[in-house]
Amino acid sequence: MRNPDDQGIAARTDSDAPAYANKLSRRDSLKLLAALAASAMLPALSACGSPSTGDAPDGLADAGHWPELDLQPVTASGYGKDPDLITPPEAPWPLTLTPDQLSLLALLSDIIVPAEGKSPSASAVQVPTVIDEWVSAPYPDQQQDRLTVLSALAWLDDEAALRFSQPFATLATAQQLAIIDDIAYRNDQTPRQFQRMAEAFARLRNLVLAAYFCTPDGMEDIGYMGNVAIAGDYPGPTPEAYRHLETVLADLGLSEFAYPVG
Amino acid sequence: MNDFAHTVLVVGSGAGGAMAAYELTRQGHKVLLLEAGRHYDPTTETPMFRPNGDAPLMGASTPDKDFGFYDSTVGGGWEVPDEPYTTAEGTEFLWWRARMLGGRTNHWGRYALRFSEHDFKAKSRDGLGADWPFEYDEIAPWYDKTEALVGVCGTNTGLDDMPPSSDGVLQPAPTPRIPELLIAAAAKKHGIEAAPMHRAILTRALDQRAPCFWATPCGYGCSIGAAFQTTTSLLPMAQATGHLRVITDAMVKTVTTDAGGQVTGVTYIDKKSGSERQVDAKVVVLAASACETARILLNSKTERHPAGLANSSGQVGRNLMDSTGAGLSALVPALMDRPRYNEDGHTANHLFIPWWGHQAHADKELDFPRGYHFELGGRFAEPGAYVSGDLQGYGTALKQQVRAHYGAYVHFALRGEMLPNDDCYMDIDPSVTDKWGIPVPRFHWKWSEHELKQVEHGLKTAKAILETMGATVGELPAAEEAIKKGGEIIHEVGTTRMGDSPEDSVTNQWGQTWDCPNLFVMDGGVFASNPHKNCTLTIMTLAMRNSAWLADQLKAGAL
Ligand SMILES: Cc1cc2nc3c(=O)[nH]c(=O)nc-3n(C[C@H](O)[C@H](O)[C@H](O)COP(=O)(O)OP(=O)(O)OC[C@H]3O[C@@H](n4cnc5c(N)ncnc54)[C@H](O)[C@@H]3O)c2cc1C
Ligand code: SF4
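Quick caveat: nothing in here was measured; it's all calculated off a predicted structure. (Residues numbered from 1 in each chain as written. Chains lettered and ligands numbered in written order. Predicted model: local features only at pLDDT ≥ 70, side-chain atom pairs only at ≥ 80, totals over all residues. Heavy atoms only, no water.)

Scanning chain B from terminus to terminus reveals 13 helices and 16 strands. Here chain B has a C-alpha radius of gyration of 23 Å; the compact-globule value for 559 residues is 24 Å, and the two agree. Principal-axis analysis of the C-alpha atoms gives chain B an extent of 75 × 55 × 50 Å. The 559 residues of chain B split such that 67% are buried. Sequence-distant contacts, at least 24 apart, represent 72% of the contacts inside chain B between residues at least 6 apart. Accessible area for chain B stands at about 18100 Å²; split by element, carbon and sulfur atoms hold 49% of it. Here chain B contributes 50 positive and 67 negative side-chain charges, whose respective centroids are spaced 4 Å apart. (Helix = DSSP H or I, 4+ residues; strand = E, 2+ residues; numbered from the N terminus. Rg over C-alpha atoms; globule rule 2.2 N^0.38 Å. Buried < 20%, exposed > 50% of the residue type's maximum accessible area, 1.4 Å probe, protein only. Contact = heavy atoms within 4.5 Å. Areas by Shrake-Rupley, 256 points an atom, 1.4 Å probe, with all protein chains shown as cover. Lys, Arg positive; Asp, Glu negative; His and termini not counted. Charge placed at Lys NZ, Arg CZ, Asp CG, Glu CD.)

This is the structure:
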């Protein structure tokens, strides 16, 4: 009983947004298949828990609404103190996001990291799968993030319902971005009713970015050039990098203190 | 054990134990080494090139793998299953253990700085703590031998905090990275010199080991042997003599003694079967790590040794020291969007800032007695589970912020000397035992004003350097909040300290216990003080020197 339109949300199945499903390609492991099969049989972890606070329209002007989720702690075991490091275990805990949650997460991930030039979007490189693994993990930090991320997903649907009487995924892009614009910037001007969600969004944003830049495409995008063996002495900075340093030293008035190189 | 008539029994295969085994077997003595952890083979178990994206949780730290999924620590970390420890009320202390062949040498940072005469004789200068029972000049040749054997890269800088190695001992240090060069220039403006870090990393081939190939985090372990770990160097070398026998999964419980009070061997738990065994030896060398060695001694109580073995001075477990630790990071706008290149290097800092304040101390300008250094961080590192920065928005503009910030944060990690104090010690918990019924250590800890003032000074210095680089630092935290917990820097030493007299020390300068001539300690327990320079090079140097002395005693029939 989050708001009157809630039922409509729960009943909807024909989402306009493309459905996202965890793919096997990320680590090519059969273990993931097993984990997925297991998660499909788990009772859906629904985002509707106890009533949200202050969801009456006039309450919004103040602290805003917030879904008070009643999450069961994840009790699966971790990978232990001595896992196989050469062939890492796929998330040895069951993945727990529902198909709807995954699809909403995929939509958000792609708003946060869209395709750009040669770089693919977040969902194209399986970021939602990584986040599903993250929020399903039995460790304290991850369980804390589980509450944050699932609350954020529920909040988005609540907000979409309040503003446009539809779930977030089915809104027009402009409507989606109108909501995102209100929560994606955290500063002194952030209205009070969006502060809590802005904080949750910041955490989710960080997870999406981390998962994205950890992929081979992401590493290329950010310009990480390491993890390759080099024979002989460490080559050190390129001439271009040294030139940049010289400019920096000059700008900061530090040229005379430069550390000798070469 | 009929087929292998050992003379010396060594407990522990980490920095101290493996060096003892190396030196003793080299000199023809048969050594039986007992190791509590499992067998570990770096050539097949090291995940060298595995990217974070392939690990569960992007390689993030978890309570199972405290330093990240791929960290090579096996069976341990801040908590070891089945082996608890306790802390006294109001005390926070962390105890890092690795339960594996090679101990913590498989994943340590490999910072390897020499102590100096200044460090060894600090009490003579300021009256605090204890002096070491020898002069730097007596140790210098052993530092040379250890550095040459272990393989240390670095440079003789001539700085007064960094005693030189003999010519040809050090391997060349790698070229510094851009953020380090900027920090070095900013520090220099304050009269503070940066210098190449000394690290136990090969930059030239040595025996069967290959030089660093400037890729992969050393914390994963180094299957090519470039990063020093006993499992790819000292242990195989000792094994090759035919004089070493290693038993893993052997948890030593007590040192046994005869009616005369002299050491006869040890008892241990065979962890695979859970059964207790007894093994005799002419000489026992404890190198189980400082706090574990003290634990074994305190647990080896007999009528003749009512306060624990080798504890007639009452000093076993006392004088527990760690390094001070604190950190300060900031975004350096001048480093934003800088040109990309491969900045992996040998993982850790190529430049660091050694302590520069000897003169200021001598002139009584400082309100704290002992020095510190800064380990410098900041580079184009492999992306992991966290993205730093106060990020805003979404979409391509957001991605551009992340790209701009990449490699633009720098970090100062302070590591400083701590003085021993009466509030910092370990004893045996009266009621808690481990899985095998062995009583566990209980830690007591309280930083003193000396350390807090030092950290305050360090944070201010780091802030001044950062601001000189154009960074905005903001208000500094109070030293009480900034200082890391006891044990957190993982440089615990002092629990069985050496000295000139049996009244106030546990061993003589050779690591030989005053109470039992055939019982030696060869880990950080013997340190009389804990200079800011990371402890392990000195642990190994003393283990080599003292094992050479022990070997001579055995040859001369004195033991
Ligand atoms: C992440 C990390 C970074 C570090 N970085 C640095 C650094 O840069 N520079 C530096 O100088 N130091 C560093 N250190 C500290 C360094 O690892 C230790 O000082 C050093 O390894 C201590 O050597 P040790 O022989 O006393 O103990 P260890 O290397 O810990 O070896 C002790 C061995 O004894 C075994 N053992 C313990 N109890 C028993 C028992 N009852 N019976 C049988 N066997 C037993 C253990 O399983 C272990 O294998 C670091 C440590 C860590 C964890
Ligand atoms: S960086 Fe060099 S020393 Fe470190 S693990 Fe890689 S190859 Fe070994």
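Next comes the rest of the account.
Each partner contributes to the interface: chain B provides 89 residues, whereas chain A provides 75 residues. In this assembly, chain B packs against chain A so that about 6900 Å² is buried in total across both faces, 64% of it on carbon and sulfur atoms. Considering only the surface of chain B that becomes buried against chain A, B:Leu57, B:Tyr394 and B:Lys399 emerge as the three largest contributors, covering 11% of it. There are 7 salt bridges connecting chain B and chain A. Inspection of the chain B/chain A interface yields 32 residue pairs in polar contact (both at pLDDT 80 or more). Counting residues per element, the ones that place at least two in the side of chain B that touches chain A are helix H2 (42–45), helix H6 (178–189), strand S4 (195–196) and helix H10 (395–405) of chain B. With 8 residues, H6(B) is the single largest residue contributor to the side of chain B that touches chain A. A class-by-class count of the residues in the side of chain B that touches chain A yields 46 nonpolar, 23 polar and 20 charged. (Buried area = accessible area lost by both parts, 1.4 Å probe. Salt bridge = Lys/Arg side-chain N within 4 Å of Asp/Glu carboxyl O. Polar contact = N/O pair within 3.5 Å; in protein donor to acceptor, adjacent residues only side chain to side chain. Nonpolar A, V, L, I, M, F, W, Y, C, P; charged D, E, K, R; others polar.)

With that settled, consider the domain arrangement of chain B. Residues and elements named next belong to chain B. Each assigned domain of chain B is listed here: domain 1 (1–50 + 57–152 + 228–323 + 422–445 + 493–558) and domain 2 (160–197 + 325–416 + 448–482). Relative to domain 2, the C-alpha centre of domain 1 lies at a distance of 32 Å. Listed by partner, the interface residues are 23 residues for domain 1 and 29 residues for domain 2. With both chains or domains summed, domain 1 and domain 2 bury close to 2100 Å², and 57% of this area falls on carbon and sulfur atoms. (Domains from an automatic or database assignment.)

Another aspect to go through is the nonpolar core. Nonpolar side chains in soluble globular proteins generally cluster together in the buried interior. Membership of the largest hydrophobic core comes to 237 residues, with the highest contact counts inside it found for A:Phe168, A:Ile180, B:Leu34, B:Ile353, B:Phe412 and B:Leu519. Among residues more than four places away in sequence, those in contact with B:Leu519 are B:Val255, B:Val263, B:Val284, B:Leu286, B:Leu297, B:Leu309, B:Ala310, B:Gly511, B:Gln512 and B:Thr513. B:Ala195, B:Met197, B:Ala348 and B:Phe352 belong to the second largest nonpolar core, which has 7 residues in total. (Core = buried A, V, L, I, M, F, W, Y, C linked by side-chain atoms within 4.5 Å.)

The next point concerns H6(B). Taking 1.5 Å per residue as the helical rise, H6(B) with its 12 residues ought to reach 16 Å, and the 17 Å between its terminal C-alpha atoms agrees with that figure. Of all 12 residues in H6(B), 10 are buried; the element is thus mostly enclosed. The inward-facing, buried residues of H6(B) abut helix H9 (239–251) of chain A together with strand S11 (351–353), strand S12 (372–377), strand S13 (409–416) and helix H11 (449–468) of chain B. Phi turns positive, to about 75°, at B:Gly191, one or two residues after H6(B). (Expected span 1.5 Å × (residues − 1).)

Our next topic: the site of ligand 1. All names here are of chain B. What surrounds ligand 1 is a group of 36 residues, the closest being Glu-35, Arg-104, Gly-109, Glu-292 and Thr-536. Between ligand 1 and Ala-98, the relevant distance is 3.2 Å, taken from an oxygen atom to a main-chain nitrogen or oxygen of the residue. Contacts to ligand 1 include Gly-103, whose backbone N or O atom sits 3.4 Å from an oxygen atom. About the coverage of ligand 1: the protein hides 95% of its 990 Å² of free accessible area. A total of 3 residues in the shell around ligand 1 trace back to one element, the largest contributor, which is strand S6 (residues 250–257). Considering only residue class, the shell around ligand 1 consists of 19 nonpolar, 11 polar and 6 charged. (Near = heavy atom within 4 Å.)

Residue and element names in this part refer to chain B. The pairing of strand S7 (residues 263–270) with strand S8 (residues 275–280) spans 6 bridges and is classified as antiparallel. By the bridge assignment for S8, Val-266 is matched with Val-279. What sits between the antiparallel neighbours S7 and S8 is a turn of 4 residues, in which Gly-274 has the positive phi angle 80°. (Pairing = 2+ DSSP bridges.)

A word on the site of ligand 2. Around ligand 2 sit 14 residues in total, of which B:Cys212, B:Ala215, B:Thr216, B:Cys218 and B:Cys222 are the nearest. Split by residue class, the shell around ligand 2 holds 10 nonpolar, 4 polar and no charged.

Moving on to H11(B). Residues and elements named next belong to chain B. Over its 20 residues, H11 extends 29 Å from the first C-alpha to the last, a length consistent with the 28 Å expected when each residue adds 1.5 Å. By the burial criterion, the buried members of H11 are Glu-451, Leu-452, Gln-454, Val-455, Gly-458, Leu-459, Thr-461, Ala-462, Lys-463, Ile-465, Leu-466 and Thr-468. Looking at the buried side of H11, the elements it contacts are H6, strand S10 (324–331), S11, S12, S13 and helix H12 (479–482). Where H11 ends, the next residue or the one after it, Gly-470, has phi of about 90°, a positive value.

A few words on the pattern of salt bridges. Residues and elements named next belong to chain B. Scanning the entire structure with this criterion turns up 42 salt bridges over all chains. Between Glu-276 and Lys-253 there is a salt bridge; the shortest N-O distance is 2.9 Å. With Glu-276 in strand S8 and Lys-253 in strand S6, the pair connects residues that are 23 residues apart, well separated along the chain.

A few words now on the sheet that holds strand S15 (residues 439–444) of chain B. Hydrogen bonds between backbone groups are what pair the strands of a sheet, and the pairing can be parallel or antiparallel. Residues and elements named next belong to chain B. Spatially, the 3 strands line up as an open sheet ordered S3-S15-S14, and their pairing is mixed. Two strands in the sheet have a free side with no partner beyond their single neighbour: strand S3 (86–87) and strand S14 (425–433). By the bridge criterion, 2 bridges tie S3 to S15 in an arrangement that is parallel. Bridging across to S15, Thr-86 finds its partner in Arg-442. Across the face of the sheet, helix H8 (residues 290–299) comes into contact with S14 and S15 while running at roughly 60° to S14. (Axes fitted to C-alpha atoms, helices over the stretch in contact; angles between N-to-C directions.)

Here the focus is the pairing of S14(B). All names here are of chain B. Inspection of the sheet shows S14 paired to S15 by 5 bridges, in the antiparallel sense. In the strand pairing of S15, Met-426 is matched with Phe-443. Between S14 and S15, which pair antiparallel one after the other, the connecting turn spans 5 residues, and Gly-437 there sits at a positive phi close to 85°.

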